[in-house]
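In case you want the letters, here they are:
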Amino acid sequence: MPKIKGGQISILIGTRPTLIKHAPIIRELERQNVPFFLIHAGQHYSFEMDRIFFRDLGIKYPKYVLKSVRKAKGHGAQTAEMLRGIEKILLHESPRAVLVGGDTNANLAGALAARKLHLKVGHVEAGARSFDWRMPEEHNRVMIDHISDWLFASSTEMKKNLLKENVRGKVLLTGSSIVDAVWEHARIAGRKSQVLNALSLKSKQYVLITIHREHNVDAKASLERILKGLCLVSKQLGVRVLFPVHPRTARRISEFGLKKLAADHAIQWVKPQGYLDFLKILSSARVVLTDSGGIQQEASILRVPCVTLRENTEWVETLSVGANRLAGIEPGMILHQTRKALNSQCDWKNPFPAGASRKIVSFVKKECYR
Ligand code: UD1
Ligand code: UDP
C-alpha cells in the first residue's frame, strides 16, 4: 500500500518511559502507513536511559535530538530549552499533529510548542491524576490535558477525571499503550535475555526495587527512610533485593553519603537495565517495590505483586484488583506491605486491556488524512 502523502505526524519522545509507551504506537503508524517523524527532546541522554531502549525496541535513533537540554538545571530551564528546540523543528516540519505521551517535562514542552503553533496535540495517557500537588508530573499532566485536542485516556477512571475537569479537547478511552509494549516484548525478553544468569539471580527468589520520584529521593530524610525499609526487608524477610539505580537516585545516594547504609545488607545495586532485561527481571521477581508509574502497570500485567512507595497512585485500578499496595516510605510500613505482598496470591484480573496503540493510530489517521 503506498504511504499517505502530506504533512507527517510528529512523535515527541525524550525520556525512557515516553519512548517505551510510544514504541507500539510507532510500530502501528508503520503498519498503517501513516507518515511520521520523531523528535527527541533530549531530557534523558545517558546510554542506559536512552540509546539502549532504541536498540531493545528496534527503533531508529531520530534525526532530531536536542543535545543542549542535558546542561539545563531545574524544571524551568529544562522545559524552556526543550520548548525552544521543539518549536524550531515543528516550524521546519509543519506536521499535521504532535503526539506526546505521559507526564514528563519533555511532554509538556512538546504539547506547549505545538499548541502555540496551532498544531493538533494528542496526549497519550491523558487524565492520569494522583491529586498530589507536590509532584512536578501532576503539574505537567494537568497542563498538557488542558491544551490537548485529543485526550487518549488509559482507563475509565482517567476518562472520568478529564470529564470532571471539563477539558476542551475530545476525550477517548483507548487504554494504555504500555500494555502493548509489554506484550510485544515480554516474549522476546523471555527468549533473548540472559540477565538472570548475568546477575546470578534465581526466578522468584528476589525482590526488585526502583525509585526516582523527586519527593522520594531529593530529600535526604526520605531517601534514608526508603533505604532503611529495604534493609529491613532484606534482613527480616531474608530475601535478596535487586536495585537497578536510576541516575537521579544514584547521584542523591552519593551526595547524601547513604551508600554504606544499603551496602551493609543483601542489596544488589546495578545500573538501570535495558527494556528486555528489565522485563525479564520484573517478570521473575517475587515482588516489586517502586515509585514508578509504568512499573506499577507492568507488574499488574505480568502478575508480580507490587508495593508502591508513595501515598497515592494514578493507577487506582491496580489497587482495586489487589495487584498493588500503597506503602508510603516509612521503613516499618515498607516491611509490612512487602511481607503481605510476598504472601499474596497472584490471581487478580488484569485491569489493562491491550490494543490502545491501534485505536490511537486509527483515530489520528482518520482525523489527519480523511
Ligand atoms: C523524569 C521525569 C519523571 C519520570 C522519569 C523517568 C519530569 C519532571 N520528571 O525524572 O516524571 O518518571 O524521568 O525516568 O519530567 N540523569 C542522567 N542521565 C540521564 C537522565 C538523567 O544522568 O539520561 C540524571 C541527571 O543528573 C539529571 C537527573 O538524573 O539531572 C534527573 O533527570 P531528569 O530527567 O530531570 O528527571 P528524572 O528524575 O529522570
Ligand atoms: N525500566 C527499564 N529499566 C529499568 C527501570 C525501568 O527498562 O532499569 C522501564 C520499565 O519497564 C518501565 C519504564 O522503564 O516501562 C518506567 O520508567 P520510569 O520508572 O523511569 O518512569 P515512570 O514510568 O515512573 O514515568
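Okay, so let's go over this structure. (Residues numbered from 1 in each chain as written. Chains lettered and ligands numbered in written order. Predicted model: local features only at pLDDT ≥ 70, side-chain atom pairs only at ≥ 80, totals over all residues. Heavy atoms only, no water.)

## A word on unusual backbone geometry
Short version of the rule: Segments assigned H or I by DSSP are reported as helices when at least four residues long, segments assigned E as strands when at least two residues long, and all are numbered from the N terminus. Three exposure classes are used, based on accessible area relative to the maximum for each residue type with a 1.4 Å probe and protein chains only: buried under 20%, partly exposed in between, and exposed over 50%.
Its identity is not glycine, yet Phe131 carries a phi of approximately 60°, on the positive side. Mapping Phe131 onto the fold places it in the loop between strand E5 (120–126) and helix H5 (136–147). Assessed through its relative accessible area of 60%, Phe131 is described here as exposed. Positive phi is not limited to glycine here, since Arg303 has a value of about 60°.

## Re the sheet that holds strand E6 (residues 150–153)
Where strands meet in a sheet, backbone hydrogen bonds hold them as pairs that are either parallel or antiparallel. Selection rule: Only strands that DSSP links by at least two bridges are regarded as paired with each other. Throughout, a residue-residue contact means that at least one pair of heavy atoms, one from each residue, lies within 4.5 Å. Whenever a helix is involved, its axis is fitted only over the stretch in contact; in every case the axis is a line through C-alpha atoms, and angles between N-to-C directions fall within 0 to 180 degrees.
The strand order E3-E2-E1-E4-E5-E6-E7 describes an open sheet built from 7 strands, whose pairing is parallel. At either margin of the open sheet sits one strand with a lone partner, and together these are strand E3 (64–65) and strand E7 (170–173). As paired elements, strand E4 (residues 97–101) and E5 share 5 bridges and run parallel to each other. Residue pairing in the sheet places Leu99 in a bridge with Gly122 of E5. Sitting on the sheet, helix H17 (residues 356–369) is in contact with strand E1 (9–13), E4, E5, E6 and E7, with an inclination near 170° to E6.

## Points about the pairing of E6
Note the cut-off: Note on handedness: a clockwise path from strand one over the helix to strand two, with the strands aimed away from the viewer, defines a right-handed crossover.
Along E6, one buried face is formed by Trp150 and Phe152 and the opposite face, lined by Leu151 and Ala153, is buried too. The pairing of E5 with E6 spans 4 bridges and is classified as parallel. Bridging across to E6, Gly122 finds its partner in Trp150. Handedness of the crossover joining E5 and E6 through H5: right-handed.

## A word on the site of ligand 2
Put simply, the rule reads: Whether a residue is near a molecule or strand is decided by its heavy atoms; if any one of them lies within 4 Å of it, the residue is near. Contacts described as polar in this section are N or O atom pairs within 3.5 Å, which, within protein, must combine one atom able to donate a hydrogen with one able to accept it, while residues neighboring in sequence count only if both atoms come from side chains. Residue-level accessible areas treat just the shown protein chains as cover; the underlying method is Shrake-Rupley with a 1.4 Å probe.
For ligand 2, the set of nearby residues contains 17 residues, the closest of which are Arg16, Arg213, Gln273, Ser292 and Glu298. Here a nitrogen atom of ligand 2 and a backbone polar atom of Gln273 are 2.7 Å apart. Between ligand 2 and Ser292, the relevant distance is 2.7 Å, taken from an oxygen atom to a side-chain nitrogen or oxygen of the residue. When ligand 2 sits alone it has 530 Å² of accessible area, and the protein chains cover 96% of it. Those elements giving two or more residues to the shell around ligand 2 turn out to be helix H1 (16–31), helix H13 (275–283) and helix H14 (293–302). A per-element tally of the shell around ligand 2 places H14 first, with 4 residues.

## A word on the sheet that holds strand E12 (residues 306–308)
Judged by pairing direction, the sheet is parallel, and its 6 strands sit side by side in the order E10-E9-E8-E11-E12-E13 without closing on themselves. Two strands close off the open sheet at either side, each with one partner strand: strand E10 (267–270) and strand E13 (324–326). With direction set aside, neighbouring strand axes in the sheet form an average angle of 20°. In this structure, strand E8 (residues 206–210) lies alongside strand E9 (residues 240–244), joined through 3 bridges in parallel fashion. Looking at E9, one finds that Val207 is bridged to Val241. Of the strands in this sheet, E8, E9 and strand E11 (287–290) touch H13, which is tilted by about 130° from E8.

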